[in-house]
Protein chains: 2
Amino acid sequence: MRIGFDVMGGDFAPKEAIAGAIQAYHELKSDERIVFIGDKEQALALVKEHGLAEDAFDFVHTTEVIGMGEHPTKAIQQKRNSSISIGFGLLAKKELDAFVSAGNTGAMLVGSMFSVKPIEGVIRPSITAIIPKPNGKFGLLLDAGANADCKPDVLYQFAVLGYLMAKNVMGIENPRVGLLSIGEEKEKGNLVTISAHHILEESNQFNFIGNVEGRDFLSDKADVIVCEGFVGNVVLKAFESVYYVMKKRGISDEYFDSMNYENYGGTPILGVNAPVIIGHGISNAKAFKNMIFSARDVINSKLCEIIREEFKNLVPPTQ
Amino acid sequence: MRIGFDVMGGDFAPKEAIAGAIQAYHELKSDERIVFIGDKEQALALVKEHGLAEDAFDFVHTTEVIGMGEHPTKAIQQKRNSSISIGFGLLAKKELDAFVSAGNTGAMLVGSMFSVKPIEGVIRPSITAIIPKPNGKFGLLLDAGANADCKPDVLYQFAVLGYLMAKNVMGIENPRVGLLSIGEEKEKGNLVTISAHHILEESNQFNFIGNVEGRDFLSDKADVIVCEGFVGNVVLKAFESVYYVMKKRGISDEYFDSMNYENYGGTPILGVNAPVIIGHGISNAKAFKNMIFSARDVINSKLCEIIREEFKNLVPPTQ
């Protein structure tokens, strides 16, 4: 297994990125190999600072970096020698089994669309987020912000993607899938969610439990909560702000502390042909380590193959 | 001043409703009169239990109640003798200066549309929510759930309504108005918010500060945050769930405790021709008391007249 790792991605790269990769290295099996993609000189110096030899990792030297604020499509097209462009090139050639980066999220999305491409039948690949629950379980939200303005059939596909991830990567048996809305009754919502509810209800492919509400991210009503990316992004940032206000106010609580993004590291782009893991821009070493573990878990679960198989037989929903 | 008060609205009516009204009574001026609308026998018995005489309040006896789960339009049309229907009838005849209820929110909306009617030029009246900030200030969110599927010109009108409420009822000088989106740049968002951003930017009527994000409900970036009702409702319920999980986990903190809805009581329906205050279904005495104070403040601010005046001269935005 070869996990491509963008050394240059994130606000605290390469220092925290390398530190996290080294933490992961100590826990990975010998055939689980991390491939550093970025400035080799910088990366190697940091590896040696941590007392490791050069042969602990593979190195792919790159000369450009895509900045956090750059226009994704332009940057991917113009910076052919960036760590993100090179990473996707290697992933597409199957020289990597996964590609991991905490860099420009838009560029990661665009890069995955251009290189490994969406799985046939997937209208829009999606980014997920994991939300811990007070009872110790974990919930999956999608879409986390990649896709605003979704049509009902896209929400239906998000439900399929989220169900497959919850089942195969998170190990949840018969995951309960809920549709985010503003009332429990199926006639409550907006035009898109009301229509999506009908499709989901008729699909019969998985355990669709109906509408859930804003309060159910922290309840144990659903394992997977489906929404379009605008509201998903708003609600995630709202939860994040609660966490930071609590920290600032000196409140310490085991559950709320577990909301810290760094515990989950990264999240896969669901619906593209190879494992791609996106991390938070502010990732620290712990987050980078967990991103690498996410990549390993997605590879081991064979999620991409499972999604490909599922979408081969997916009957297009009628509205 | 005569404040119509639905004795039968809310999960804990009439007991908590009357208890709250009595708390308010002790703080109101002698010319600020509460008019109880509901089952007179029940209301009077509770008033006497609290050691007050009948003449402390006015009573309008009604024989029907609109349940929390009833279909709003049907209920308003069929239950002519319900406290909500009678309350709106008196408000429309100007026998009341405001109408307050913690009953069926949909029926309150429909009732206000049928009776006092939207102010000329207002496309969709809106419900607001007040969110306290860690620095002690208060933010206003609208729409809080009355209006899903808003067009850009509706979001623009919400901005105008929210600005007028922040300025005239909340006493915020030159309120900063932000548009909820998923990125600070004006090209970030969904089709509706991107278009609304252009209108707001060109309107020049108030201090539009551009896009804000999910994290800014708890920051002090904007005084008013404008969004359509779907995302507004989801995010409010998410915050509410955080509050309840904190209580359940025994976390006590002055700021997060202030998030308790009961401190704010009710919120006006903005854009109808008379003050209408909606309370939370789970209202307790303290919440009912604060609902009555909200009604008094809206009456005193002359908000409805100010909105009417503003919309007379409102240039329809071009998209």
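Above this text you will find the structure in question.
This structure is a prediction, so every number in the text was calculated from the model and none was measured.

> Any chance you could break down the relation of the copies chain A and chain B for me, citing the residues and the numbers?
In summary, the two copies of the chain are related to each other by a rotation about an axis coupled with a shift along it. In the superposition of chain A on chain B (RMSD 0.0 Å, axial shift 0.0 Å), the rotation amounts to 180°. One copy is carried onto the other by what is essentially a two-fold rotation axis. A shared interface surface links the copies, since 97% of the contact residues of chain A are contact residues in chain B too.

> Tell me what's going on with the interface of chain A and chain B, and back it up with residues and numbers.
Contacts between chain A and chain B engage 35 residues on the former and 34 residues on the latter. Around 3,100 Å² of area is buried between chain A and chain B when both sides are counted, 72% of it from carbon and sulfur atoms. Here chain A is connected to chain B by 4 salt bridges. For lysine 237 of chain B, the salt bridge goes to glutamate 213 of chain A, with nearest N and O atoms at 2.3 Å. There are 6 residue pairs in polar contact (both at pLDDT 80 or more) connecting chain A and chain B. Listed by contribution, the elements that provide at least two residues to the side of chain A that touches chain B are α7 (191–203), α8 (229–248) and α9 (254–257) of chain A. No other element matches the 13 residues that α8 of chain A contributes to the side of chain A that touches chain B. Across the side of chain A that touches chain B, the residue classes break down as 19 nonpolar, 9 polar and 7 charged.

> An account of the packing of aromatic side chains is needed here, citing residue identities and associated values.
Working definition: an aromatic ring pair is given by the centre-to-centre distance plus the angle between the planes. Taken as a whole and judged by the stated rule, the model has 20 aromatic pairs over all chains. Ring centres of tyrosine 25 of chain A and phenylalanine 57 of chain A lie 5.2 Å apart, and the angle between their planes is 45°; this geometry places the pair in the tilted category. Of this pair, tyrosine 25 of chain A sits in helix α1 (residues 15–27) while phenylalanine 57 of chain A is found in the loop between α2 (40–49) and β3 (58–61), placing the two residues 32 residues apart along the sequence. Using a relative accessible area of 31% as the deciding quantity, one classes tyrosine 25 of chain A as partly exposed. Note on phenylalanine 36 of chain B and phenylalanine 57 of chain B: the rings are 4.3 Å apart at their centroids and 25° apart in plane angle, and the pair reads as stacked. Placement of the pair is phenylalanine 36 of chain B in strand β2 (residues 33–38) and phenylalanine 57 of chain B in the loop between α2 (40–49) and β3 (58–61), with a sequence separation of 21 residues. These aromatic residues form a ring-pair network of at least three members: Phe5, Tyr25, Phe36, Phe57, Phe59 and Phe288 of chain A.

> Give me the sheet that holds strand β7 (residues 176–180) of chain B: which residues, what numbers.
Residue and element names in this part refer to chain B. Spatial strand order, β3-β2-β1-β4-β11-β10-β5-β6-β9-β7-β8: 11 strands in an open sheet with mixed pairing. With partners counted over all chains shown, the strands left at the sheet margins are β3 and β8 (207–212), one partner each. Here the average twist between neighbouring strands, direction ignored, is 25°. As paired strands, strand β5 (residues 126–132) and strand β6 (residues 138–142) are joined by 5 bridges and run antiparallel to one another. For proline 132, the partnering residue across the bridge sits in β6 and is phenylalanine 138. The strands touched by α2 within the sheet are β2 and β3, with β3 carrying the most contacts at an inclination of about 150°.

> Any details on the packing of helix α1 (residues 15–25) of chain B against helix α10 (residues 285–301) of chain B? Residues and values, ideally.
All names here are of chain B. It is at 7 Å that the axes of α1 and α10 come closest, and there the two elements cross at 50°. With respect to α10, the axis of α1 lies oblique. Crossing hand, α1 versus α10: right-handed. In contact with Glu16, Ala17, Ala19, Gly20, Ala21, Gln23 and Ala24 of α1, α10 contributes Ala285, Lys286, Phe288, Lys289, Ile292 and Phe293. Of the residues in the contact of α1 with α10, the class split is 8 nonpolar, 2 polar and 3 charged.

> Can you tell me about the pairing of strand β6 (residues 138–142) of chain A, naming the residues and giving the values?
Residues and elements named next belong to chain A. Summarising burial for β6: 4 of the 5 residues are buried, a large majority. Here strand β5 (residues 126–132) folds back onto β6, and the loop between the two strands holds 5 residues, one of which, glycine 136, carries a positive phi near 95°. Bridging between β6 and strand β9 (residues 224–226) involves 3 bridges; their strand directions are parallel. Bridged to leucine 140 within β9 is valine 224.

> Describe the sheet that holds strand β1 (residues 2–6) of chain A, naming the residues involved and giving the relevant values.
All names here are of chain A. Read across the open sheet, the 11 strands follow the order β3-β2-β1-β4-β11-β10-β5-β6-β9-β7-β8; overall the sheet is mixed. Each end of this open sheet is capped by a strand with a single partner; those strands are β3 and β8 (207–212). Put simply, the sheet's adjacent strands are angled 25° from each other on average, direction ignored. Bridge count for strand β2 (residues 33–38) against β3 is 4 bridges, and the pairing is parallel.

> Please give an account of the nonpolar core that cites residues and values.
Judged by nonpolar contacts, the single largest core of 98 residues is most densely connected at Phe217 of chain A together with Phe217 of chain B. Beyond its immediate stretch of four places on either side in the chain, phenylalanine 217 of chain B contacts Val234 of chain A together with Ile131, Lys133, Leu141, Leu180, Ile225, Val235 and Phe239 of chain B.

> Quick one: what's the story with the pattern of salt bridges, residue by residue and with numbers?
All names here are of chain A. One pass over the full model with this rule turns up 36 salt bridges over all chains. Aspartate 58 is paired through a salt bridge with arginine 2; the nearest N and O atoms lie 2.6 Å apart. Pair noted here: aspartate 58 is in strand β3 and arginine 2 is in strand β1, with a separation of 56 residues, a long-range link. For the salt bridge of aspartate 220 with lysine 137, the shortest nitrogen-to-oxygen distance reads 2.9 Å. With aspartate 220 in the loop between β8 and β9 and lysine 137 in the loop between β5 and β6, this residue pair connects regions lying 83 residues apart in the sequence.

> I'd like a rundown of the state of the cysteines, residues and numbers included.
Residue and element names in this part refer to chain B. Counting across every chain of the model gives 0 disulfides over all chains. With no disulfide of its own, cysteine 150 has cysteine 227 as its nearest cysteine by sulfur position, at a separation of 8.6 Å. The thiol of cysteine 304 is unpaired, and the distance to the nearest cysteine sulfur, on cysteine 150, comes to 20 Å.

> Which residues make up the side chain of aspartate 216 of chain B, and what values do they have?
Tracing the chain through its elements places aspartate 216 of chain B in the loop between β8 and β9 (224–226). Leaving out residues up to four positions away in the same chain, aspartate 216 of chain B has contacts with Lys221 and Ile225 of chain B.

> Give me the pairing of strand β4 (residues 98–101) of chain B: which residues, what numbers.
Successive side chains on a regular strand alternate, one facing one side of the sheet and the next facing the other. All names here are of chain B. Here β4 shows no split at all, with Ala98 and Val100 on one side and Phe99 and Ser101 on the other all buried. Pairing of strand β1 (residues 2–6) with β4, which is carried by 3 bridges, proceeds in the parallel orientation. Residue glycine 4 lies in a different strand from β4, and its bridge partner there is phenylalanine 99.

Each value, and the rule that gives it
- Residues numbered from 1 in each chain as written.
- Chains lettered and ligands numbered in written order.
- Predicted model: local features only at pLDDT ≥ 70, side-chain atom pairs only at ≥ 80, totals over all residues.
- Heavy atoms only, no water.
- Least-squares fit on C-alpha atoms with pLDDT ≥ 70 in both.
- Contact = heavy atoms within 4.5 Å.
- Buried area = accessible area lost by both parts, 1.4 Å probe.
- Salt bridge = Lys/Arg side-chain N within 4 Å of Asp/Glu carboxyl O.
- Polar contact = N/O pair within 3.5 Å; in protein donor to acceptor, adjacent residues only side chain to side chain.
- Helix = DSSP H or I, 4+ residues; strand = E, 2+ residues; numbered from the N terminus.
- Nonpolar A, V, L, I, M, F, W, Y, C, P; charged D, E, K, R; others polar.
- Phe/Tyr/Trp six-rings, centres within 6.5 Å; stacked < 30°, edge-to-face > 60°.
- Buried < 20%, exposed > 50% of the residue type's maximum accessible area, 1.4 Å probe, protein only.
- Pairing = 2+ DSSP bridges.
- Axes fitted to C-alpha atoms, helices over the stretch in contact; angles between N-to-C directions.
- Parallel < 35°, antiparallel > 145°, perpendicular 65-115°, else oblique.
- Left-handed = near helix turned anticlockwise from the far one by under 90°.
- Core = buried A, V, L, I, M, F, W, Y, C linked by side-chain atoms within 4.5 Å.
- Disulfide = S-S within 2.5 Å.

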